[in-house]
Amino acid sequence: MAIRIEGKLLAAQVKERVAAGVKELKEKGIEPCLAVIMVGENPASQVYVKGKVKDCAECGIKSLEIHLPAETTQNELLQKLAELAGDAGVHGLLVQLPLPAHIDEKTVIEAIPPQKDVDGFTAVNVGRMMIGEECFLPCTPAGCMEMIRSTGVSISGKNAVVIGRSNIVGKPAAMLLLRENATVTICHSRTENLKQVCANADILVAAVGRAGFVTGDMIKPGAVVIDVGINRNAQGKLCGDVDYDAAAEKAGYITPVPGGVGLMTRAMLMQNTLQAAQKQALAK
Ligand code: NDP
């Protein structure tokens, strides 16, 4: 039976370290601050933003929640971003996605200065990650890596399979595994023999967005299984991409949903915000 990788415990440890770092900065007169902009009334986004504000409070980070109406134009949003980008009291800046259809996400993301891009979504941070330079790592893949490392299983030389190739999860997760010398395969909707590919994975990261996509027969005995998916099953219950019970019988380590990657994603955002404040303090 697999050992459960407890997101709650790991996230609490990260947040404790962040809180200590925040305290140190405050003693030097710097109050780390994260600004979160949300446009419209997307219910899931509202939950995520609430979570970020709560995490900030727990870590001692100041949060600014800017809620703009759904009719906000792209220019109005860009103006607000420019204002926050130029505010020395704001260290981290993010726009909650998705945005309403009339706003171009890429344009908006690129309006965030890389040094405040605590989501790690701007082309500059993505490029730096690719070439192994210091940058803000995207929170979900960074959280996955922390969870894999927590097992003590060595990543170097292992077969790692990532299912999903989105810019925010799949691709950066693959890149971070490669950086730690895994032999990485990225699977997607056109992949042939996906089951066989997965069954050869020492480390399997599922970021598909389909409940029960990863079945027990896709798990190599002893594998580390990281379930990024957030779905609702037929009963309306929150679940991941992995059939947890079947996978847990074969895996060595497995993350639950809820209580897994989602919590680590939130904790990594706090870590990035602290780092942003530390770096900006040093740059002064
Ligand atoms: P996307 O929809 O952007 O990407 C899904 C990926 O899965 C695509 O690359 C797609 O392939 C692939 N895929 C879809 N169907 C299949 C299939 N039948 N076989 C193989 N591959 C398939 O999703 P995200 O990456 O944004 O998110 C993935 C999941 O992770 C979602 O459930 C999301 O809610 C969750 N998530 C969780 C977070 C957390 O904090 N825990 C944070 C972010 C996301 P193709 O490219 O070919 O279409």
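Residues numbered from 1 in each chain as written. Predicted model: local features only at pLDDT ≥ 70, side-chain atom pairs only at ≥ 80, totals over all residues. Heavy atoms only, no water.

It is worth spelling out empty space enclosed by the protein at this point. By the definition in use, this model includes one cavity of 30 Å³ or more. When its volume is computed, the largest cavity comes out at roughly 50 Å³. Forming the walls of the largest cavity are Leu94, Val95, Leu97, Ile109, Ile112, Asp117, Asp119 and Phe121. Of the residues in the lining of the largest cavity, the class split is six nonpolar, no polar and two charged. (1 Å grid on protein atoms, 1.4 Å probe; cavity = no way out; pocket = protein on both sides within 12 Å on 5 of 7 lines; lining within 4 Å. Points joined across faces, edges and corners; volume = space filled by probe spheres on them. Nonpolar A, V, L, I, M, F, W, Y, C, P; charged D, E, K, R; others polar.)

In strand 8 (residues 224–227), alternate side chains face the same way, and those of Val224 and Ile226 on one face and Val225 and Asp227 on the other are all buried. Bridge count between strand 7 (residues 203–206) and strand 8: four bridges; the pairing is parallel. Bridge pairing links Ala206 to Asp227 in strand 8. (Buried < 20%, exposed > 50% of the residue type's maximum accessible area, 1.4 Å probe, protein only. Helix = DSSP H or I, 4+ residues; strand = E, 2+ residues; numbered from the N terminus. Pairing = 2+ DSSP bridges.)

Between helix 6 (residues 139–150) and helix 10 (residues 261–283), the least distance of the axes is 8 Å, while the angle of their chain directions is 110°. In this view, helix 6 runs roughly perpendicular relative to helix 10, as classed from their interaxial angle. Along its contact with helix 6, which presents Cys139, Thr140, Ala142, Gly143, Cys144, Glu146 and Met147, the element helix 10 presents Val261, Met264, Thr265, Met268, Leu269 and Asn272. When the residues that make up the contact of helix 6 with helix 10 are grouped by side-chain class, the tally is eight nonpolar, four polar and one charged. (Axes fitted to C-alpha atoms, helices over the stretch in contact; angles between N-to-C directions. Parallel < 35°, antiparallel > 145°, perpendicular 65-115°, else oblique. Contact = heavy atoms within 4.5 Å.)

This next bit is on the side chain of Asp227. With respect to the secondary-structure elements, Asp227 resides in strand 8. Salt bridges are absent for the buried Asp227, whose nearest opposite-charge side chain, Arg4, sits at 11 Å. Looking at Asp227, its side chain comes within polar contact range of the main-chain nitrogen of Gly229, at 3.3 Å. Within polar-contact distance, the side chain of Asp227 engages the backbone nitrogen of Asp241 at 2.7 Å. Those residues in contact with Asp227 that lie beyond four places of it in its chain are Ala206, Gly240, Asp241, Val242, Thr255, Val257 and Val261. (Lys, Arg positive; Asp, Glu negative; His and termini not counted. Salt bridge = Lys/Arg side-chain N within 4 Å of Asp/Glu carboxyl O. Polar contact = N/O pair within 3.5 Å; in protein donor to acceptor, adjacent residues only side chain to side chain.)

You can see Ala11 is positioned in helix 1 (residues 7–27). Note: C-alpha distance between Ala11 and Ala267 (256 residues apart in sequence) is 5.4 Å.

Around the ligand, 21 residues are found, and the nearest of them are Arg165, Ser166, Ser189, Ile230 and Thr265. Here an oxygen atom of the ligand sits 2.5 Å away from a polar atom, N or O, in the side chain of Ser189. One of the side-chain N or O atoms of Arg210 is found 3.5 Å from a nitrogen atom in the ligand. Relative to its free-state accessible area of 930 Å², the ligand is covered by the protein chains to the extent of 70%. (Near = heavy atom within 4 Å. Areas by Shrake-Rupley, 256 points an atom, 1.4 Å probe, with all protein chains shown as cover.)

Now for the layout of surface pockets. For the second largest pocket, the calculated volume is near 310 Å³. Along its surface, the second largest pocket is lined by 17 residues, and Cys135, Leu137, Gln271, Asn272 and Gln275 are the ones closest to its centre. Looking at the lining of the second largest pocket, the elements that each hand over two or more residues are helix 6, helix 7 (170–179) and helix 10. No other element matches the seven residues that helix 10 contributes to the lining of the second largest pocket. The residue inventory of the lining of the second largest pocket, partitioned by class, reads seven nonpolar, four polar and six charged.

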